[in-house]
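Residue-level structure breakdown
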Amino acid sequence: MTDLTSFTIAEAREKLRAKEITATELTDAYLAAIDAANAELNAYVAVTADKARAMAKVSDERLGKGEGGALEGIPLGVKDLYATEGVHTQACSHVLDGFEPRYESTVTANLWADGAVMLGKLNMDEFAMGSSNETSYYGPVKNPWRANGSNKDLVPGGSSGGSATAVSAHLCAAATASDTGGSIRQPAAFTGTVGIKPTYGRCSRFGMVAFASSLDQAGPIARDVRDAAILLKSMASVDDKDTTCVDAPVPDYEAAVGQSVKGMKIGIPAEYRMDGMPEEIEALWQQGIAWLKDAGAEIVDIHLPHTKYALPAYYIVAPAEASSNLARYDGVRYGLRVPGKDIADMYEKTRAEGFGDEIKRRVMIGTYVLSAGYYDAYYLRAQKVRTLIKRDFEIAFDAGVDAILTPATPSAAFGIADQDLHADPVKMYLNDIFTVTVNMAGLPGIAVPAGLDHQGLPLGLQLIGKPFDEDTLFRAGYAIEQAAGRFTPEKWW
Ligand code: GLN
């Protein structure tokens, strides 16, 4: 019998509707796969087996009557950053120990309303700060991919490392993720999965643990472009509970999948050709250009001159917002409380023990750049740079470019506990060199697997679109997927 966990959302959806399989069978197959794999891969920090089975039962009743939503009976994993009522929600931080919210995030509520089944909460970098899923209080996640002939453990990328591993290793049909500077696209590229960060404002941030509120955006990680389109359609909505969420109907993204890219104008930004970029990444990019050209797209060279300022400006804006958002974790209202001799001592002890090193680094940077003497020199200037980055993209789009093609990451997945990267945080930050610009400009970006490197590890390409033009990304992303094929790791766990 076929392994039920091998089906994409689109395949499972057809089989459920045709009553060839039941939601209960599908859910049990995933729960068994998680049981067998999680001690090794560490993708889930909480498995909600009883809830999953109860939800699957309801789905089976609906499906039995020929009813049900767009995701009826589809088992999903949820990043630990989404508030899920009565269920573990800690953004993988010690400071939120024991926190089980009394409310549901809008994104997850949308998924359950469409009939999806919750398998559990997925590991992530603490408060979504990281590029390797090694800052999690729950320990690192392993990438299901390994280099040819090697048994060295690799990172899945971050911060949505649990989501990427779970999708790649078939421990859920697809997963929610979030992206502040690259946390959907970089892990997707590292695991041979598809990840899309939609336009800022497309998904509600209500009930998502905040990192940097002007950059944070929800999005899916899925096995292929069609599944990403299906999941984004259900995640996105108009929501009064988040004032930055746009009041515009959510398109049927799946309808864009398979539409021709003939005549589409694809921009190639010269500034993404970085010094010291591996030969393989350049070759992959050229391959992507050739594929889109073969599919009928027109390729044009463009310039995004402020690209080099994006990463430094991001590391001012993001920590500034984080230092403000994380001020609420003080041991008073929820989570960890470490007793002290008075309230100030309790605050200090709780934060000292509750936050990991990377969080403390960000809070210190953020507090510094927002301080009275330095606000103009750092924060205000970074905001001005942000406007210039956004304008670079606007000029390209105004000149008729429909989407921009770039590599997704400067390398393939690296080893867990890589000495070089841990010795210098800036080296870790460089992982997001191609992805942060998109967050700074509020644009949509998709990462699609495009090939394997010389060690047999997945590499991805990124497409960047106009605001609220995710459709074009699904069209062009699908053209790449058709040419590149799909990538599944060999099972060793
Ligand atoms: N790696 C980046 C950071 O650590 C981006 C993280 C994210 O997108 N959440 O800030």
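Throughout what follows, the structure given in this document is the object of discussion. (Residues numbered from 1 in each chain as written. Predicted model: local features only at pLDDT ≥ 70, side-chain atom pairs only at ≥ 80, totals over all residues. Heavy atoms only, no water.)

Side note on the overall build of the protein
When helices and strands are counted, the protein shows 16 helices and eleven strands. Relative to the globule expectation of 23 Å for 493 residues, the C-alpha radius of gyration of the protein, 21 Å, shows essentially globular dimensions. Burial status across the protein gives 61% buried among its 493 residues. Pairs at least 24 residues apart make up 76% of the contacts formed inside the protein by residues separated by at least 6 positions. Taking the average location of the 47 positive side-chain charges in the protein and that of its 64 negative ones, the two points are 3 Å from each other. (Helix = DSSP H or I, 4+ residues; strand = E, 2+ residues; numbered from the N terminus. Rg over C-alpha atoms; globule rule 2.2 N^0.38 Å. Buried < 20%, exposed > 50% of the residue type's maximum accessible area, 1.4 Å probe, protein only. Contact = heavy atoms within 4.5 Å. Lys, Arg positive; Asp, Glu negative; His and termini not counted. Charge placed at Lys NZ, Arg CZ, Asp CG, Glu CD.)

Examining the pattern of salt bridges
Overall, the coordinates contain 21 salt bridges when judged by the stated rule. Here Arg-185 and Asp-179 are joined by a salt bridge, their closest N and O atoms 2.8 Å apart. Of the two residues, Arg-185 and Asp-179, both sit in the buried class. Because the salt bridges share partners, they merge into one network encompassing Arg-13, Glu-14, Arg-226 and Glu-254. (Salt bridge = Lys/Arg side-chain N within 4 Å of Asp/Glu carboxyl O.)

Details of the site of the ligand
The local shell around the ligand holds 15 residues, among which Thr-180, Gly-181, Ser-183, Tyr-314 and Asp-432 are the closest. Contact between the ligand and Ser-183: a nitrogen atom at 2.7 Å from a side-chain N or O atom of the residue. A total of 290 Å² of accessible area belongs to the ligand in isolation, and the protein chains cover 100% of it. Tallied by class, residues from the shell around the ligand come to five nonpolar, seven polar and three charged. (Near = heavy atom within 4 Å. Polar contact = N/O pair within 3.5 Å; in protein donor to acceptor, adjacent residues only side chain to side chain. Areas by Shrake-Rupley, 256 points an atom, 1.4 Å probe, with all protein chains shown as cover. Nonpolar A, V, L, I, M, F, W, Y, C, P; charged D, E, K, R; others polar.)

Let's talk about the pairing of strand S9 (residues 403-407)
Judged by how many residues are buried, S9 sits mostly within the fold: five of five residues are covered. Burial of S9 is two-sided: the residues Ala-403, Leu-405 and Pro-407 facing one way and the residues Ile-404 and Thr-406 facing the other way are all buried. Across two bridges, strand S7 (residues 265-269) lies against S9 in parallel orientation. Within S9, the position partnered with Ile-266 by the bridge is Ala-403. By the bridge criterion, five bridges tie S9 to strand S11 (residues 458-465) in an arrangement that is antiparallel. Paired with Pro-407 across the two strands is Leu-461, which belongs to S11. (Pairing = 2+ DSSP bridges.)

Side note on the pairing of strand S5 (residues 194-197)
Burial of S5 is two-sided: the residues Val-194 and Ile-196 facing one way and the residues Gly-195 and Lys-197 facing the other way are all buried. Pairing of S5 with strand S6 (residues 217-222) involves two bridges; the strand directions are antiparallel. Considered in S6, the bridge of Val-194 is made with Ala-222. Pairing geometry for S5 and strand S10 (residues 445-452), over three bridges, is antiparallel. Residue Gly-195 lies in a different strand from S10, and its bridge partner there is Ala-447.

Comments concerning the layout of surface pockets
Approximately 610 Å³ is the volume attributed to the largest pocket. Around the largest pocket, the lining comprises 31 residues; the ones closest to its centre are Pro-278, Pro-410, Ser-411, Leu-430 and Asn-431. For the lining of the largest pocket, the secondary-structure elements that each account for two or more residues are helix H8 (279-294) and helix H13 (419-423). Grouping the amino acids of the lining of the largest pocket by side-chain chemistry returns 16 nonpolar, seven polar and eight charged. What the second largest pocket holds in volume is close to 330 Å³. Forming the boundary of the second largest pocket are 17 residues, of which Tyr-103, Met-208, Val-209, Ala-210 and Arg-328 lie nearest the centre. A per-class count over the lining of the second largest pocket returns ten nonpolar, four polar and three charged. (1 Å grid on protein atoms, 1.4 Å probe; cavity = no way out; pocket = protein on both sides within 12 Å on 5 of 7 lines; lining within 4 Å. Points joined across faces, edges and corners; volume = space filled by probe spheres on them.)

Some remarks on the sheet that holds strand S8 (residues 298-302)
Across the sheet, eleven strands lie side by side as S1-S3-S2-S4-S6-S5-S10-S11-S9-S7-S8; this open sheet has mixed pairing. Two strands close off the open sheet at either side, each with one partner strand: strand S1 (44-47) and S8. When the angles between neighbouring strand axes are averaged without regard to direction, this sheet yields 30 degrees. On the sheet, helix H5 (residues 161-168) packs against S1, strand S2 (75-79), strand S3 (117-122), strand S4 (174-179) and S6 and is oriented at approximately 155 degrees with respect to S4. (Axes fitted to C-alpha atoms, helices over the stretch in contact; angles between N-to-C directions.)

Some details on the packing of aromatic side chains
Throughout the structure, instances matching the rule amount to 17 aromatic pairs. For the ring pair Phe-393 and Phe-397, a centre distance of 6.5 Å and an interplane angle of 20 degrees mean the geometry is stacked. Placement of both Phe-393 and Phe-397 in helix H12 (residues 376-398) is noted, with a separation of four residues, approximately one turn of the helix. Cluster of aromatic residues (ring-pair linked, three or more members): Phe-99, Phe-127, Tyr-329, Tyr-334 and Phe-355. Stacked on the ring of Trp-492, the Lys or Arg Arg-146 has its end atom at 3.5 Å from the ring centre. Note that Lys-241 overlies the ring of Phe-206, its terminal NZ or CZ placed 4.9 Å from the centroid. (Phe/Tyr/Trp six-rings, centres within 6.5 Å; stacked < 30°, edge-to-face > 60°. Lys NZ or Arg CZ within 6 Å of the ring centre and 35° of its normal.)

Digging into the nonpolar core
Membership of the largest hydrophobic core comes to 155 residues, with the highest contact counts inside it found for Phe-127, Leu-171, Phe-393, Leu-405 and Phe-474. Ranked by residues supplied to this core, first place goes to helix H9 (residues 310-325) with ten residues. Apart from residues no more than four positions distant in its own chain, Phe-474 is found in contact with Ile-196, Val-225, Ala-228, Ala-229, Leu-232, Tyr-253, Ala-256, Val-257 and Ile-446. (Core = buried A, V, L, I, M, F, W, Y, C linked by side-chain atoms within 4.5 Å.)

Some words on the packing of helix H1 (residues 9-17) against helix H7 (residues 225-235)
Contact pair H1 / H7: the axes reach a minimum separation of 8 Å and the direction vectors enclose 70 degrees. Looking at the two axes, H1 sits roughly perpendicular to H7. Contacts between H1 and H7 involve Ile-9, Ala-10 and Arg-13 from the first element and Arg-226, Asp-227 and Ile-230 from the second. Within the contact of H1 with H7, the residues separate by chemical class into three nonpolar, no polar and three charged. (Parallel < 35°, antiparallel > 145°, perpendicular 65-115°, else oblique.)

Quick notes on the side chain of Asp-125
Tracing the backbone shows Asp-125 in the loop between S3 and H5. With no salt bridge to any partner, buried Asp-125 finds its closest opposite charge in Lys-79, at an N-O distance of 7.6 Å. Within the structure, the side chain of Asp-125 is placed 2.8 Å from the backbone nitrogen of Asn-133, a separation counted as a polar contact. Engagement of the side chain of Asp-125 in a polar contact is seen with the side chain of Thr-135, the distance being 2.9 Å. If near-sequence neighbours (up to four positions away) are discounted, Asp-125 is found in contact with Ala-91, Gly-130, Ser-131, Ser-132, Asn-133, Glu-134, Thr-135, Ser-136, Gly-158 and Ser-159.

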